[in-house]
Amino acid sequence: MMNCKTNLLVLVFSCFALITFGQRAVAPLPKCKNGFIVIAHRGSHLVKPENSIAAIEEAIELGADYVEIDLRTTRDGHLVLIHNETVDHTTSGKGRIQDLSLDEVAKLTLNAKDGHLYSIPSFREALKVCKNRINIYLDFKEADVAQAYKEIKAAGMEKQVLVYLNKAEQYTLWRVVAPQMPLMSGLPKLIKKEEMITFLDKMPLEATDNISDPTLVAALKESGLSVFLDVQMADEDPVKWKAAMDKGVQGVQTDHPEALIRYLKTNDLRDGLKVSGL
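Heads up: these notes are all about the structure in this document. (Residues numbered from 1 in each chain as written. Predicted model: local features only at pLDDT ≥ 70, side-chain atom pairs only at ≥ 80, totals over all residues. Heavy atoms only, no water.)

1. Quick look at the packing of aromatic side chains
Thought 1: Under the definition given, this model contains 4 aromatic pairs.
Thought 2: Here the aromatic rings of Tyr137 and Tyr164 are separated by 5.9 Å at their centres, their planes lie at 10°, and the arrangement is stacked. Here Tyr137, found in strand 4 (residues 135-140), pairs with Tyr164, found in strand 5 (residues 161-164); they are 27 residues apart in sequence, far enough to count as distant. Pair check on accessibility: Tyr137 and Tyr164 agree, each one buried.
Thought 3: Geometrically, the ring pair formed by Phe140 and Trp174 is edge-to-face, given 5.4 Å between the ring centres and 80° between the ring planes. Of this pair, Phe140 sits in strand 4 while Trp174 sits in helix 6 (residues 168-177), placing them 34 residues apart in sequence. Accessibility assignment for this pair places Phe140 and Trp174 in one class, buried. (Phe/Tyr/Trp six-rings, centres within 6.5 Å; stacked < 30°, edge-to-face > 60°. Helix = DSSP H or I, 4+ residues; strand = E, 2+ residues; numbered from the N terminus. Buried < 20%, exposed > 50% of the residue type's maximum accessible area, 1.4 Å probe, protein only.)

Shown next as structure tokens:
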């Protein structure tokens, strides 16, 4: 996944190298009460199904700052939450989500470990559940930008959503449709500081997820950008979390929000590492 993200941004840069967006001010990210940001990857899904309302609710209960959700579109143009292009691995059905109507999607049940029945939620349902409770890290897979923003605005969630880009054309569309929305994506692999400054001059972002070099992280922070590092994996542990924090990142995306938050609280790190001399 990381390689796909990196390749995407190389493509984006190539496509938009001749476009100048000017000295655009960095859009503010959604407000959080904690200094170190915990992003629950596809919700809290170790037991509850990923991208389900139940997984979102559990992430809220645990105290995560963001819930990461994946957005795709049904055959009849409705926005729903699902990571994969097909429903084969996560539901009782088969086929591509883009080939199924909303009515057909509603009849599917999500694969669950707790024996309960869960359905694929609509974007509207997720927005309603999250409003004033948790921010959304919106992994924008396949959807119409204007429609997505219309639903975000209708829910009064404009200041609670950070959009993750996956395609070159999504950048320009979001900047045209909703220029005030904060955008995030990966940066080219092995990018150097000078190249990074030029890159972000051409394609300003508010956050990124794949920069782990402490020097580059510090440079991004000076420019007003946040780094939310991906650490989600089966064997996450305090050693890996501490290593990420030591790089100076502002937060991480995790598959283990409960354990991570417990670790942060136990070690007085919910607001991040203490800066010496302060």
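2. Details of helix 8 (residues 214-222)
Thought 1: Those residues of helix 8 that fall on the buried side of the exposure criterion are Leu216, Val217, Ala219 and Leu220. For helix 8, the angular spread of the buried residues around the axis is 160°, confining them to a single face. Facing away from the buried side of helix 8 by more than 90 degrees, the exposed set consists of Thr215, Lys221 and Glu222.
Thought 2: Those residues of helix 8 that are buried are in contact with helix 7 (193-202), strand 7 (207-208) and strand 8 (226-230).
Thought 3: The backbone nitrogen of Thr215 lies 2.8 Å from a side-chain oxygen of the residue at the head of helix 8, namely Asp213.
Thought 4: In the segment just after helix 8, Gly224 is the residue with positive phi, at about 90°. (Arc of directions from axis to C-beta. Contact = heavy atoms within 4.5 Å. Polar contact = N/O pair within 3.5 Å; in protein donor to acceptor, adjacent residues only side chain to side chain.)

3. Looking at the pattern of salt bridges
Thought 1: Taken as a whole and assessed by the stated rule, the structure comprises 18 salt bridges.
Thought 2: A salt bridge links Arg133 to Glu57, with the shortest nitrogen-to-oxygen separation between them at 2.9 Å. With Arg133 in the loop between helix 4 (123-130) and strand 4 and Glu57 in helix 2 (residues 53-62), the pair connects residues that are 76 residues apart, well separated along the chain.
Thought 3: With a relative accessible area of 40%, Arg133 lands in the partly exposed category.
Thought 4: The residue Arg96 makes a salt bridge to Glu85 at a minimum N-O spacing of 3.8 Å. With a gap of 11 residues between them, Arg96 in the loop between strand 3 (79-81) and helix 3 (102-106) and Glu85 in the loop between strand 3 and helix 3 connect regions that are remote in the sequence.
Thought 5: Ionic contacts of the salt-bridge type, sharing partners, join the residues Arg42, Glu50, Asp70, Asp139 and Lys141 into one network. (Salt bridge = Lys/Arg side-chain N within 4 Å of Asp/Glu carboxyl O.)

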